[in-house]
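# Architecture at a glance
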Amino acid sequence: MSDLASTRTADMMDSPRAAPGEAMRAPSDAIAADDGLDLIAGHEAGTAPRETPPSSPLAGRVMIALAILLVSLVIFVVLVMTRPLPAAGSGRGAPIPVPVVEPPMMSLPRQWLGYGVVRPINSANVSARVASSVVDVPARLKVGEPVTAGEVLVRLDDADYRRSVDSAQQQLASLDAQLGALEVERTGLQERVKLAEADLELARDDERRVSDAAAAGAIAPREVDRARGAVLAAERLLSQLRESLGMMVPRKTSLQAQQEAAASALGQARASLERCTVASPISGVLQSFSLEIGENVMPGQPVARVVDDSRVEVPITLPAAARASVKRGDRVRITSSRVPARMRGADGSEVISAVSRIEPEDDAVSRTMTVYAEVAQADVKGIVLAPGDFAEAIVESPPEGTRTVVPRRSVRAERVLVVRDGTLASMPVKVEYAFRGTVEGLSTGDLEWLVLAEPLPKGTLVVIDGSRTYSPGALVTPLMGAESSRVPESGAGTSTAPASVAVPGDAAAQESLPQ
């Protein structure tokens, strides 16, 4: 192989001078020749030819992405290391003031949050009950106008129904006359029966005398037959009279049945006549009314809707888990969806009621139960629960013993900050359930509270706002009561957003509080 390469080199040297273009192609030809020699050598040696791996653009992109991630990580670490720290963590020489509260032991009811739509206890959908046309509508009746029970809403044409009443009355009078005549006839038949019975007795006596005389030979035998015929005639007449008297009973029964039917028809005609005057069955306010004079109406056609909003009820949907603790008579706090969230819980924003009844079955699909609360509008001060309003209700079950109560914003991730010997410390807590409302004896201004499952040691001072970025171990000056108002509300790490707290076993109460 080396001899072949030497010979090719010698030929190139012995060849005449090449043209300029050929001179420029010589190096590439030499390189190609060398590659060819290497290929031939590889085949002769029994080995594969060398291959130059192509450059991959994917590998370059991966390297760029890794570089970007590395730079991002470095920036994140630098930002974390250089973040501004709260004053509490900068040193222990200057205690910072923090508002605290000593949580009391109290008996607060368990609350269940539910929703419902307000509806009137008394309402009436007034409909036409006869087919006729409108002849009169009081001018003052419009939607929103109050009406009283029995007040006329509309008058219908009653001419046909008056004629029906007259016809039914005449039919009833005719039957009454027939019953009277039947009674007279019955009395006459009774008298004739008595006379026929007397005639029969006389005929029989006469027959006996004739038979005795004939037996003595005093009269002819034909006289006996004549007396016997008189007896048979008297018996026949008595039988006919008794049969006629017996027929009086079914005839009277038939006439009485016809009389009752005529009386029923008369009552129906009079009822239809009365129904031509449509009146309100209850006192209330017109919710709907749209009939006009001359309009034809049919039985069942709506005429008006009257709503008595003086008493309403709210069907409240609660979690099925509330059934074990909710009873009739439990306190219910109802507020309207029209009340802004920031005002709920304030004076005049809620209606106080009680559970009046409880449905016995749970909803198998939604796993909820329904209780009812009634409200008398005359007893309500502040808001008015209008029928159709969407309401939010809190049902309060009786408390179960005394528990430690802390502001909801004091708890963060099931831990609270407490002050021990002028130093902040973090303490784990377990929340039993939530409570919304004011708590007597605490002037923090909070309306959201958490009831702890386990009591805190007596004298424990809990930081009111656990969402502030105070660091455990920092030196602090606890401020209670009016002194806490001197703490600034602005600055780094002073977020006042309520902390997210999980309330086990009380999803309804948890849902009622802002997160």
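Computed from a prediction, not measured in an experiment: that's the story for all the values here.

The rules behind these values
- Residues numbered from 1 in each chain as written.
- Predicted model: local features only at pLDDT ≥ 70, side-chain atom pairs only at ≥ 80, totals over all residues.
- Heavy atoms only, no water.
- Helix = DSSP H or I, 4+ residues; strand = E, 2+ residues; numbered from the N terminus.
- Buried < 20%, exposed > 50% of the residue type's maximum accessible area, 1.4 Å probe, protein only.
- Contact = heavy atoms within 4.5 Å.
- Areas by Shrake-Rupley, 256 points an atom, 1.4 Å probe, with all protein chains shown as cover.
- Pairing = 2+ DSSP bridges.
- Axes fitted to C-alpha atoms, helices over the stretch in contact; angles between N-to-C directions.
- Expected span 1.5 Å × (residues − 1).
- Parallel < 35°, antiparallel > 145°, perpendicular 65-115°, else oblique.
- Nonpolar A, V, L, I, M, F, W, Y, C, P; charged D, E, K, R; others polar.
- Core = buried A, V, L, I, M, F, W, Y, C linked by side-chain atoms within 4.5 Å.
- Salt bridge = Lys/Arg side-chain N within 4 Å of Asp/Glu carboxyl O.
- Polar contact = N/O pair within 3.5 Å; in protein donor to acceptor, adjacent residues only side chain to side chain.
- Patch = residues over 30% accessible without salt bridge, like charges linked within 9 Å, V, L, I, M, F, W, Y side chains within 5 Å.
- pLDDT = per-residue confidence, 0-100.
- Left-handed = near helix turned anticlockwise from the far one by under 90°.
- Phe/Tyr/Trp six-rings, centres within 6.5 Å; stacked < 30°, edge-to-face > 60°.
- Lys NZ or Arg CZ within 6 Å of the ring centre and 35° of its normal.

## Notes on the overall build of the protein chain
Within the protein chain one finds seven helices and 22 strands. Within the protein chain, the fraction of its 515 residues that count as buried is 34%. Look at the contacts in the protein chain between residues 6 or more apart in sequence, and 78% of them connect residues 24 or more apart. When the accessible surface of the protein chain is totalled, it reaches about 30,600 Å², and 56% of it is carbon and sulfur.

## Some details on the sheet that holds strand 17 (residues 415-420)
Pairing between the strands of a sheet is mediated by backbone hydrogen bonds and can be parallel or antiparallel. Read across the sheet, five strands follow the order 18-17-21-1-22 without closing on themselves; strand pairing throughout is mixed. The open sheet terminates on both sides in strands that have one partner only, identified here as strand 18 (423-428) and strand 22 (476-479). Between one strand axis and the next, the sheet turns by 50° as a mean value, whatever way the strands run. Pairing between strand 1 (residues 96-101) and strand 21 (residues 461-463): two bridges, direction antiparallel. Counterpart to V100 in the pairing with strand 21 is V463.

## Section: helix 6 (residues 248-275)
Counted at 1.5 Å a residue, the expected span for helix 6 with its 28 residues is 40 Å, and the 40 Å between its end C-alpha atoms agrees. Looking at the buried side of helix 6, the elements it contacts are helix 4 (159-216), helix 5 (221-246) and strand 8 (277-279).

## A word on the environment of L232
Within the secondary structure, L232 sits in helix 5. Along the backbone, L232 and R204 are 28 residues apart, and their C-alpha atoms lie at a distance of 9.2 Å.

## Focus on the packing of helix 5 against helix 6
Two numbers describe how helix 5 lies on helix 6: the axes approach to 4 Å, and their chain directions differ by 20°. Of the possible angle classes, the one that applies to helix 5 and helix 6 is roughly parallel. From helix 5, S244, L245 and G246 reach across to helix 6, where they touch M248, V249 and P250. Across the contact of helix 5 with helix 6, the residue classes tally to four nonpolar, two polar and no charged.

## Examining the side chain of S280
Along the chain, S280 falls in the loop between strand 8 and strand 9 (284-289). Not counting the four nearest positions on each side in its chain, S280 is found in contact with V147, T148, A149, G150, E151, L153 and V306.

## With respect to the sheet that holds strand 8
In spatial order, the strands read 8-7-5-10; together these four strands make up an open sheet with antiparallel pairing. Since the sheet does not close on itself, it has two edges, and those belong to strand 8 and strand 10 (296-297), each with one partner.

## Quick look at the nonpolar core
Core analysis: the largest hydrophobic core is formed by 42 residues, its most contacted members being V134, L153, V154, L156, L286, F289 and V303. Residues contacting L153, with those up to four places away along its chain left out, are V126, V137, P138, L141, V147, V278, A279, S280, F289 and A304. Within the second largest apolar cluster, 22 residues are counted, among which are W112, V355, A373 and I383.

## Regarding the pattern of salt bridges
Summed over the entire model, instances satisfying the criterion amount to 25 salt bridges. Its salt-bridge partner being E374, residue R357 comes within 3.8 Å of it at the nearest N-O pair. Placement of R357 in strand 13 (residues 351-358) and of E374 in strand 14 (residues 368-376) is noted, with a sequence separation of 17 residues between them. Among the ionic contacts, a cluster of salt bridges with common partners joins R119, R311, E313, R357 and E374.

## Description of the side chain of S410
Note that S410 resides in the loop between strand 16 (403-407) and strand 17. At 3.1 Å, the side chain of S410 forms a polar contact with the backbone oxygen of V463. Among the polar contacts made by the side chain of S410, one reaches the main-chain carbonyl oxygen of I464 at a distance of 2.6 Å. With residues up to four places along the chain from it excluded, the contact list for S410 reads R415, V416, V462, V463, I464 and G466.

## Overview of a nonpolar patch on the surface
Together, L58, V62, M63, L66 and L69 make up a nonpolar patch on the protein surface, roughly 520 Å² of accessible area in all. Looking at the secondary structure, you find L69 in helix 3 (residues 57-81).

## Some details on the pairing of strand 9
Every regular strand shows the same layout, with side chains that alternate between the two sheet faces. With two bridges connecting them, strand 6 (residues 146-147) and strand 9 associate as antiparallel partners. Among the inter-strand pairings, P146 is bridged to a residue of strand 9, identified as V285. Bridging between strand 9 and strand 11 (residues 302-319) involves four bridges; their strand directions are antiparallel. In the strand pairing of strand 11, F289 is matched with A304.

## Here's the deal with the confidence of the model for the protein chain
For the protein chain, the average pLDDT comes to 80, and 78% of its residues sit at 70 or higher. Throughout residues 1-49 the model reports pLDDT below 50, and contacts reaching past four residues in sequence, or to other chains, amount to ten contacts. The model gives residues 504-515 a pLDDT under 50, and that stretch makes 38 contacts with residues more than four places away or in other chains.

## Thoughts on the packing of helix 4 against helix 5
Between helix 4 and helix 5, whose axes approach to 8 Å, the crossing angle comes to 165°. In terms of orientation, helix 4 lies roughly antiparallel with respect to helix 5. You can see that helix 4 and helix 5 cross each other, and the crossing is left-handed. Its residues placed into classes, the contact of helix 4 with helix 5 shows 16 nonpolar, three polar and eleven charged.

## Overview of the packing of aromatic side chains
The full count for this structure, using the stated rule, is one aromatic pair. For the cation-ring pair, R357 lies above Y372, with the distance from its terminal atom to the ring centre recorded as 4.1 Å.

## Structural notes on the pairing of strand 18
Judged from the six bridges that link them, strand 17 and strand 18 form a sheet pairing that is antiparallel. Following the sheet pairing, R415 is matched in strand 18 by P428. Between strand 17 and strand 18, which pair antiparallel one after the other, the connecting turn spans two residues, and D421 there sits at a positive phi close to 55°.

## Here we look at the environment of V406
Mapped onto the secondary structure, V406 falls in strand 16. For V406, a relative accessible area of 1% corresponds to the buried category. When the C-alpha positions of V406 and I464 are compared, they lie 8.2 Å apart, and in sequence the two are 58 residues distant. Setting aside residues up to four positions removed in sequence, V406 forms contacts with P103, V411, W449, L450, L452 and L456.

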